[in-house]
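One-letter residues, chain by chain:
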Amino acid sequence: MSKSKTGSRQHPSRRTRWFGYRAGRVLKLSALLVAMMVITLTIAHWGIGHPQESATLRDWMHSTRHSWLAWRFALYAALAWGFLRIWQSPGCRPEYKAPLRRMAIASALFILTCEYAQLSDGGTPS
């Protein structure tokens, strides 16, 4: 807080607080992104350095692919249930429903695209 000419204390302006809040969120998101990149690159480095173990992991993932599909469908069902709960909640006003509908459609298209890529054998070497 700073002192004014009259000697009373003034609170920081809203703009200063907003900027600090926004900057903190951006820094946290940036740190999370960097951490995810480091983890991903570490896993890739390990996979290149240990090809036999990577092949074993790939074979295990392939042999249990139906279990992973069931797990993904359970996650999708939980996501759909959450969307439905938000849609039917008493606080969901009509102006909130249009963006929620767009998010649901975008999510469904993304899920369908990812599942198509997973289930098609286009990238599997023969």
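This structure is a prediction, so every number in the text was calculated from the model and none was measured.

A.B. asks: Break down a nonpolar patch on the surface for me, citing the residues and quoting the values.
C.D. replies: A cluster of nonpolar residues, Leu-57, Trp-60, Met-61, Trp-68, Trp-71 and Leu-75, forms a patch on the protein surface that exposes about 610 Å² of accessible area. Every element with two or more residues in the nonpolar patch is listed here: helix 2 (51–63) and helix 3 (65–88). By secondary structure assignment, the location of Trp-60 is in helix 2.

A.B. asks: Can you lay out the packing of aromatic side chains for me, pointing to particular residues and giving the numbers?
C.D. replies: Applying the stated rule across the entire model yields two aromatic pairs. Between Trp-60 and Trp-68, the ring centres sit 6.0 Å apart and the planes meet at 90 degrees, which makes this aromatic pair edge-to-face. Look at Phe-73 and Tyr-76: their rings are 6.1 Å apart centre to centre, the planes differ by 65 degrees, and that puts the pair in the edge-to-face class. Of the two residues, Phe-73 and Tyr-76 both sit in helix 3, three residues apart, roughly one turn of that helix. The class of Tyr-76 is partly exposed, set by a relative accessible area of 22%.

Basis of the calculations
Residues numbered from 1 in each chain as written. Predicted model: local features only at pLDDT ≥ 70, side-chain atom pairs only at ≥ 80, totals over all residues. Heavy atoms only, no water. Patch = residues over 30% accessible without salt bridge, like charges linked within 9 Å, V, L, I, M, F, W, Y side chains within 5 Å. Areas by Shrake-Rupley, 256 points an atom, 1.4 Å probe, with all protein chains shown as cover. Salt bridge = Lys/Arg side-chain N within 4 Å of Asp/Glu carboxyl O. Helix = DSSP H or I, 4+ residues; strand = E, 2+ residues; numbered from the N terminus. Phe/Tyr/Trp six-rings, centres within 6.5 Å; stacked < 30°, edge-to-face > 60°. Buried < 20%, exposed > 50% of the residue type's maximum accessible area, 1.4 Å probe, protein only.

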